[in-house]
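# Structure at a glance
Residue strings, one per chain:
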Amino acid sequence: MKKLLSALFLISMVSTLCAQNTTVYYRKTESVDQNGQRSQGSGGMYITFTDNGFYESDANGYKKSTPMNTFMQYQGKDNGIYVFFEYYQLSADWYNFATGQMMEGIKRLIAQWYFSEDYEKLNVKDVFITNSTAVYRKANSPSEGLAPPSGLY
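Now for a look at the structure at hand. (Residues numbered from 1 in each chain as written. Predicted model: local features only at pLDDT ≥ 70, side-chain atom pairs only at ≥ 80, totals over all residues. Heavy atoms only, no water.)

## A few points about the packing of aromatic side chains
Following the criterion strictly, the structure yields 13 aromatic pairs and no others. Arranged with centres 5.1 Å apart and planes meeting at 80 degrees, the rings of Phe 54 and Phe 115 form a pair that is edge-to-face. Here Phe 115 lies in strand β9 (residues 107–115) and Phe 54 lies in strand β4 (residues 53–57), a separation of 61 residues in the sequence. The class for Phe 54 is buried, based on a relative accessible area of 7%. Under the relative-accessibility criterion, Phe 115 is labelled buried at 0%. Geometrically, the ring pair formed by Tyr 82 and Tyr 119 is stacked, given 5.1 Å between the ring centres and 15 degrees between the ring planes. (Phe/Tyr/Trp six-rings, centres within 6.5 Å; stacked < 30°, edge-to-face > 60°. Helix = DSSP H or I, 4+ residues; strand = E, 2+ residues; numbered from the N terminus. Buried < 20%, exposed > 50% of the residue type's maximum accessible area, 1.4 Å probe, protein only.)

And the structure:
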């Protein structure tokens, strides 16, 4: 019995250590408009993956502050592609005292996020404003490999 408890404790410790958040940089390679016309992309973004999904972040994994109250919702896997929907929360969830139930607030779909099975590729389709798709590839962080200056001003 002691061996079983020790093994369960060891397994739970290992899984806790492995459940750390991972921050990845994605470089924007191109944009594709609603007519299929492509244009060169620039810039990129950090994404931090958690056990519950992911969020846009800075290089250190801190959530990026945005003017909109958005959240990602996992939709499933289709043809080897992981699908997430990004919603804008228009109104908060609220409690209906008459029925004694929590009621879901109003939300609006603003983007669809598609990750390849190996998470090397990412497409973000804006369905709210432009109906265009931003194409990203996993890349080294732009801050990696930068040497410090030889002196300060």
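## Description of the pattern of salt bridges
Oppositely charged side chains can form a pair if their charged atoms are brought close together. Scanning all chains against the criterion turns up four salt bridges. Glu 30 serves as the salt-bridge partner of Arg 38, at 2.9 Å between the closest nitrogen and oxygen. Classification of Arg 38 by relative accessible area gives exposed; the value is 61%. Given the relative accessible area of 19%, Glu 30 is considered buried. For Glu 117, the salt bridge is made with Lys 77, and the minimal N-O distance between the two is 2.5 Å. Here Glu 117 is found in the loop between β9 and β10 (121–126), whereas its partner Lys 77 is found in strand β5 (residues 70–78), with 40 residues between them in sequence. Here Lys 77 falls in the partly exposed class, since its relative accessible area comes to 41%. (Salt bridge = Lys/Arg side-chain N within 4 Å of Asp/Glu carboxyl O.)

## What to know about the pairing of strand β3 (residues 44–50)
Burial within β3 is extensive, with five of its seven residues counted as buried. Both strand β1 (residues 22–32) and β3 contribute to a ladder of six bridges, which runs antiparallel. Residue pairing in the sheet places Thr 23 in a bridge with Thr 48 of β3. Inspection of the sheet shows β3 paired to β4 by five bridges, in the antiparallel sense. Across the sheet, the residue bridging to Phe 49 is Phe 54, located in β4. Taken together, β3 and the strand that follows it, β4, pair antiparallel across an intervening segment of two residues. (Pairing = 2+ DSSP bridges.)

These results come straight from atomic positions and should not be treated as a statement about function.
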